[in-house]
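Read off the chains here:
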Amino acid sequence: MKKIVLVLFVGLLGFTLTAQEKAAKIEFKTETVDYGEITKGSDGVRVFEFTNTGKAPLIISKVSSSCGCTIPKKPEEPILPGKTGEIQVKYDTNRVGPIRKAITVISNADTPTKVLKIKGEVKASEGK
């Protein structure tokens, strides 16, 4: 009986290690996008570029922001190993003031949750 348990344990351990080796892995070019100082009403779209450096297709299941003023857009198709993708973020630049927002990315990667950040400041238009 002990031999059977030992064989099952070693088999499960080997299977677990193999499964971990074939995981997707997400690596972002940068995890923070700095808008700098931008004018009210200017283009608020920025892009987070990433690469799947793992050995399995990367599936991004959900991307959400910390408030309604930031609208993220995720890729719909799986990102194959070695390929790149992007998450587009649109900030409402009609809101004057500092930008400090977080975007949460949930995927099947070895690190399933990543938090991306945007920062900067929206200035009022000159002469208004």
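Residues numbered from 1 in each chain as written. Predicted model: local features only at pLDDT ≥ 70, side-chain atom pairs only at ≥ 80, totals over all residues. Heavy atoms only, no water.

So what about the packing of aromatic side chains? Which residues, and what values?
Under the criterion given, the structure shown has two aromatic pairs. On the numbers, 6.3 Å between centres and 65 degrees between planes, the contact of Tyr 35 with Tyr 91 is edge-to-face. Taken together, the positions of Tyr 35 in strand 2 (residues 32–39) and Tyr 91 in strand 6 (residues 84–91) put the pair 56 residues apart, joining distant regions of the chain. Taken as a pair, Tyr 35 and Tyr 91 share a single burial class, namely buried. (Phe/Tyr/Trp six-rings, centres within 6.5 Å; stacked < 30°, edge-to-face > 60°. Helix = DSSP H or I, 4+ residues; strand = E, 2+ residues; numbered from the N terminus. Buried < 20%, exposed > 50% of the residue type's maximum accessible area, 1.4 Å probe, protein only.)

I'd like to hear about the pattern of salt bridges, residue by residue, with values.
Per the counting criterion, the structure on display carries five salt bridges. Between Glu 49 and Lys 29 there is a salt bridge, and its shortest N-O distance comes to 3.2 Å. Residue Glu 49 is found in strand 3 (residues 45–52), and its partner Lys 29 is found in the loop between strand 1 (26–28) and strand 2; the two are separated by 20 residues along the sequence. A salt bridge links Glu 76 to Lys 74; the nearest nitrogen and oxygen atoms lie 3.7 Å apart. On the basis of relative accessible area, Lys 74 is assigned to the partly exposed category, the value being 22%. (Salt bridge = Lys/Arg side-chain N within 4 Å of Asp/Glu carboxyl O.)

Kindly report on the state of the cysteines, identifying the contributing residues and their values.
With the rule as written, the count across this model stands at one disulfide. Sulfur-sulfur distance for the disulfide between Cys 67 and Cys 69 comes to 2.3 Å. Measuring handedness by torsion sign, the sulfur bridge of Cys 67 and Cys 69 sits at about -60 degrees and is left-handed. Taking the relative accessible area as the measure of exposure, Cys 67 reaches 22% and is therefore partly exposed. (Disulfide = S-S within 2.5 Å.)

Lay out the pairing of strand 5 (residues 70–73) in plain terms, naming residues and giving numbers.
The two faces of strand 5 differ: Thr 70 and Pro 72 on one face are buried, but Ile 71 and Lys 73 on the other face are not. Pairing analysis gives four bridges linking strand 5 to strand 6, with the strands arranged antiparallel. If you follow Ile 71 over to strand 6, its bridge partner there is Lys 90. (Pairing = 2+ DSSP bridges.)

Give me the sheet that holds strand 6: which residues, what numbers.
Taking strand neighbours across the sheet as the criterion, the four strands line up as 1-3-6-5 in an open arrangement whose pairing is antiparallel. Since the sheet does not close on itself, it has two edges, and those belong to strand 1 and strand 5, each with one partner. Averaged over all pairs of adjacent strands, the angle between their axes in this sheet comes to 30 degrees, without regard to strand direction. (Axes fitted to C-alpha atoms, helices over the stretch in contact; angles between N-to-C directions.)

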